[in-house]
Amino acid sequence: MSPDLAFDHRFVPGDDEAGVTLLLLHGTGGNEEDLIPLGQDLAPGAAILSPRGKVSEYGAPRFFRRLAEGVFDHEDLLFRTHELAGFVEAAAEEYGFDPSKVLAVGYSNGANVAASTLLLHPGLLRAAVLFRAMVPFEPEVTPDLSGLPVFMAAGRTDRMIPPDNAQRLADILAEAGAEVDLRWRNVGHPLTYEEVGEAKEWLAEVLPGLRES
Ligand code: MLT
């Protein structure tokens, strides 16, 4: 087994070999099982790759260390982002899915590591659904994300993620060329059914183009 595959994870094969793979990235305290029903609802038939974050915060899995709420350990974030990218590549080889058709679906800490992956490995993901994401770091070099579809759902009363921070992430991604669809609701940190519905509709528009490419 490739050392890069050394994440606890689930892989669920898709219905269609030429299809897309969802990289599911859970929030703090979650695990590789959590988002599988969400992924199956968002994109029925897509393959699913769902790792568990390797960092433990008092027993709660995360994808990178933080020093305090909303204050990230930058060095660990960079290291963990590269490690996750290596995992996706190794998993594509192991399970035989197309590495050029991977899209991320992340919630909270998982959405933040997905955003970090977009900024550090701009060729790895073809699209991203970011629920409750914030700026992982301010990039020194603007990556080329031309035309990359990104859906973001943010809450105006989210106490973990200040609205201006979510907006800043959308701006960074848009400046890099991504096609960002940022949706606001009068909600807090937990995800709502309405937002899942919106993401599903958005994916229904985006997925056919990815499948055919
Ligand atoms: C984080 O990455 O720390 C998030 O913004 C909040 C969380 O996941 O708890």
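Residues numbered from 1 in each chain as written. Predicted model: local features only at pLDDT ≥ 70, side-chain atom pairs only at ≥ 80, totals over all residues. Heavy atoms only, no water.

### Some details on the site of the ligand
Definition in use: Any residue with a heavy atom positioned within 4 Å of a molecule or strand is treated as near that molecule or strand. Nitrogen and oxygen atoms within 3.5 Å of one another constitute a polar contact, given that in protein one can donate a hydrogen and the other can accept it, and given that sequence-neighbouring residues count only through two side-chain atoms. Using a 1 Å grid laid over the protein atoms alone, points where a 1.4 Å probe fits but cannot get out form a cavity; open sets with protein on both sides within 12 Å along at least 5 of 7 lines form a pocket; any residue with an atom within 4 Å of a point counts as lining. By definition, a pocket or cavity contains a molecule when more than half of the molecule's atoms lie within 2 Å of the pocket's grid points. Three classes are used: nonpolar for Ala, Val, Leu, Ile, Met, Phe, Trp, Tyr, Cys and Pro, charged for Asp, Glu, Lys and Arg, and polar for all others, with Gly counted as polar.
Taken together, the residues surrounding the ligand are Thr 28, Arg 62, Phe 64, Arg 66, Phe 72, Ser 108, Asn 109, Asn 112, Met 134 and Met 160. Here Arg 66 contributes a side-chain N or O atom positioned 3.2 Å from an oxygen atom of the ligand. The separation between an oxygen atom of the ligand and a polar side-chain atom of Ser 108 is 2.9 Å. If you map the ligand onto the pockets, it falls in the second largest pocket. Taken together, the residues of the shell around the ligand break down into 4 nonpolar, 4 polar and 2 charged.

### Things to note about the packing of aromatic side chains
Quick note on the threshold: Pairing of aromatic side chains here covers Phe, Tyr and the six-membered ring of Trp, requires ring centres within 6.5 Å, and sorts the geometry by plane angle: under 30 degrees stacked, over 60 edge-to-face, intermediate tilted. Numbering of helices and strands runs from the N terminus, with a helix taken as a DSSP run of H or I at least four residues long and a strand as a DSSP run of E at least two residues long.
On inspection of all chains with the given rule, the structure shows 6 aromatic pairs. Seen in terms of ring centroids, Phe 11 and Phe 97 are 5.6 Å apart; in terms of plane orientation they differ by 20 degrees. Their pairing is stacked. Taken as a pair, Phe 11 in strand β1 (residues 9–12) and Phe 97 in the loop between α2 (74–95) and β8 (102–107) lie far apart in primary sequence, 86 residues in all. Measuring from centroid to centroid gives 4.9 Å for Phe 64 and Phe 72, while their planes differ by 80 degrees, and the two rings are edge-to-face.

### Some thoughts on unusual backbone geometry
Look at Tyr 58: it is not a glycine, yet its phi comes out positive at around 50 degrees. When you line up the elements, Tyr 58 lands in the loop between β4 (55–57) and β5 (60–62). Even without a glycine there, the phi angle at Arg 132 is positive, about 60 degrees. In this structure, Arg 132 sits in the loop between β9 (127–131) and β10 (149–155).

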